[in-house]
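Listed below are the residues making up each chain.
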Amino acid sequence: MYLLLDIGGTNTRITLSSDGQTLTAIKTFPTEEDFETQIQLISRIAHELTGGQKIEAAAAGVAGILDKEKSLLLKSPHLDSWTYQPLKEELEQVLDCAVYLENDAHLGGLGESVYGAGKGYPIVAYITIGTGVGGVKIENQKIDGYSKGFEPGHQIIIPEGNPCNCGGKGHLETYVAGSYLKEPIDWNKVAKYLAIGLNNTIVHWSPDIIVLGGSVMKSIPLDRVKAYLKKYLTIFSDCPQITLATLGDEGGLYGGLQYLKS
Ligand SMILES: [Zn+2]
């Protein structure tokens, strides 16, 4: 039995997979700001779900930058009080199994590439537009190798532009993500900035398909994004397919399942 966790800045999701293919009912609760309280909460809910049965291994997606050993968060705009806390170690203690940590957007993209909109495509670029912007390059159903992590939300779109939560300026997420958009929103402009970001993703990652996830994608007009991209992307004769994610909030949990299986 596998345990799968998705620890976001706002909500945490927990589920199990007994057959390695499907997920059981998902438990969702608000992510606690206090690290120890959250660990105890995860422990309690995990034990309720398993009914005392042994967990083989667990995978957890977390919102932030992990250290090289993938044992703790080095930086997280939405889980600031968790940085440098022994996340992997404490989870392994309370769950009594090996726990594998990954960035939440990385697992979301892995889930979409194997079980969702990117299924069947060798190279998938996944970009998620929610509170912030995350993403990942998936190659043959695996998260592509990286040194620090994939952070397409922090590519510079406008030099010396809007201040970003990370400390930089003019980053993509400051023009398209939920925590930066104020009423009234010019969605055409948002589509334009996203298309600039996607152009950069295409020329760097050369994907077969781009999968767009995250809550803000419900509002960004995809046809406008495609129209701007057609104008901007001049080096290739055609644009890779661009489509919306299909797994919704469960993408990261499916990604965790795939991560444990491979
Ligand atoms: Zn930034």
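Residues numbered from 1 in each chain as written. Predicted model: local features only at pLDDT ≥ 70, side-chain atom pairs only at ≥ 80, totals over all residues.

**Some thoughts on the overall build of the protein**
Then step 1. Along the backbone of the protein there are 7 helices and 12 strands.
Then step 2. Against the compact-globule benchmark of 18 Å for 262 residues, the protein has a radius of gyration of 18 Å, which places it among compact chains.
Then step 3. On the principal axes, the C-alpha backbone points of the protein span a range of 55 × 35 × 35 Å.
Then step 4. Counting all 262 residues of the protein, 43% fall into the buried class.
Then step 5. A separation threshold of at least 6 residues defines the contact pool for the protein, and within that pool the share at least 24 residues apart is 62%. (Helix = DSSP H or I, 4+ residues; strand = E, 2+ residues; numbered from the N terminus. Rg over C-alpha atoms; globule rule 2.2 N^0.38 Å. Buried ≥ 20, exposed ≤ 12 C-beta atoms within 10 Å, placed from the backbone. Contact = placed C-beta atoms within 7 Å.)

**Some thoughts on the pairing of strand 8 (residues 123-129)**
Then step 1. With 6 of 7 residues buried, strand 8 lies mostly within the body of the structure.
Then step 2. Taken together, the 7 bridges between strand 8 and strand 9 (residues 133-139) define a ladder with antiparallel strand orientation. Counted as the bridge partner of A125 is K137 from strand 9.
Then step 3. Between strand 8 and strand 9, which pair antiparallel and follow one another directly, the connecting turn spans 3 residues.
Then step 4. In this structure, strand 8 lies alongside strand 11 (residues 209-213), joined through 5 bridges in parallel fashion. Note that in strand 11 the partner of V124 across the bridge is I209. (Pairing = 2+ DSSP bridges.)

**Quick notes on helix 3 (residues 104-115)**
Then step 1. In this model, helix 3 (12 residues) spans 16 Å end to end at C-alpha, consistent with the 16 Å of a helix rising 1.5 Å per residue.
Then step 2. Within helix 3, 12 of the 12 residues are buried, which leaves the element mostly enclosed by the surrounding structure.
Then step 3. Within helix 3 the residues assigned to the buried category are D104, A105, H106, L107, G108, G109, L110, G111, E112, S113, V114 and Y115. (Expected span 1.5 Å × (residues − 1).)

**A look at the nonpolar core**
Then step 1. By size, the foremost hydrophobic cluster in this structure holds 65 residues, and its most contacted members are A58, A60, V176 and L194.
Then step 2. When residues in this core are grouped by element, the largest group, 8 residues, is from helix 5 (residues 187-205).
Then step 3. Shared between two domains, this core takes at least three residues from each, and those domains are domain 1 (2-107 + 250-261) and domain 2 (119-246).
Then step 4. Other than its neighbours up to four places away in sequence, V176 contacts I129, V133, V190, Y193, L194 and V216. (Core = buried A, V, L, I, M, F, W, Y, C linked by C-beta atoms within 7 Å. Domains from an automatic or database assignment.)

**Considering the domain arrangement of the protein**
Then step 1. With domains assigned, the protein is organised as domain 1 (2-107 + 250-261) and domain 2 (119-246).
Then step 2. Relative to domain 2, the C-alpha centre of domain 1 lies at a distance of 26 Å.
Then step 3. Facing 10 residues of domain 1, the contacting portion of domain 2 comprises 14 residues.
Then step 4. Put simply, the parts of the chain that give the side of domain 1 that touches domain 2 at least two residues each are helix 3 and helix 7 (251-261).

**Describing the packing of helix 1 (residues 35-50) against helix 2 (residues 87-95)**
Then step 1. Running from N to C, helix 1 and helix 2 cross one another at 30°; their axes reach a closest spacing of 10 Å. Our classification of the angle between helix 1 and helix 2 gives roughly parallel. Every pair of crossing elements has a handedness; the one defined by helix 1 and helix 2 is right-handed. Contacts from I39, I42, S43 and A46 in helix 1 reach E90, L91, V94 and L95 in helix 2.
Then step 2. Grouping the amino acids of the contact of helix 1 with helix 2 by side-chain chemistry returns 6 nonpolar, 1 polar and 1 charged. (Axes fitted to C-alpha atoms, helices over the stretch in contact; angles between N-to-C directions. Parallel < 35°, antiparallel > 145°, perpendicular 65-115°, else oblique. Left-handed = near helix turned anticlockwise from the far one by under 90°. Nonpolar A, V, L, I, M, F, W, Y, C, P; charged D, E, K, R; others polar.)

**Side note on the sheet that holds strand 8**
Then step 1. The 5 strands are arranged 10-9-8-11-12 in an open sheet whose pairing can be described as mixed. Of all the strands in the sheet, the pair left with one neighbour each is strand 10 (142-143) and strand 12 (241-244).

**Concerning the sheet that holds strand 7 (residues 98-103)**
Then step 1. Spatial ordering of the open sheet is given by 3-2-1-4-7, a layout of 5 strands whose pairing is mixed. Two strands lie at the open edges of the sheet, namely strand 3 (27-30) and strand 7, each paired on one side alone. Ignoring strand direction, the axes of neighbouring strands in this sheet form an average angle of 15°.
Then step 2. Note that strand 4 (residues 57-62) and strand 7 share 6 bridges and pair parallel. Looking across to strand 7, one finds that A59 is bridged to Y100.
Then step 3. Across the sheet, helix 1 is in contact with strand 1 (2-7), strand 2 (11-17) and strand 3; its angle to strand 2 comes to roughly 30°.

**Quick look at unusual backbone geometry**
Then step 1. The omega angle of the peptide bond from E183 to P184 is -15°, so this bond is cis rather than trans.
Then step 2. Tracing the chain through its elements places P184 in the loop between helix 4 (173-176) and helix 5.
Then step 3. Of note in this structure, D96 is not a glycine but carries a positive phi near 55°.
Then step 4. Position of D96 relative to the elements: it lies in the loop between helix 2 and strand 7.
Then step 5. A residue is classified by how many C-beta atoms lie within 10 Å of it, and D96, with 13 of them, is partly exposed.
Then step 6. Even without glycine at this site, Q141 takes up a positive phi of about 65°.
Then step 7. Following the sequence through the fold, Q141 ends up in the loop between strand 9 and strand 10.
Then step 8. For Q141, a count of 16 C-beta atoms within 10 Å translates into the label partly exposed.

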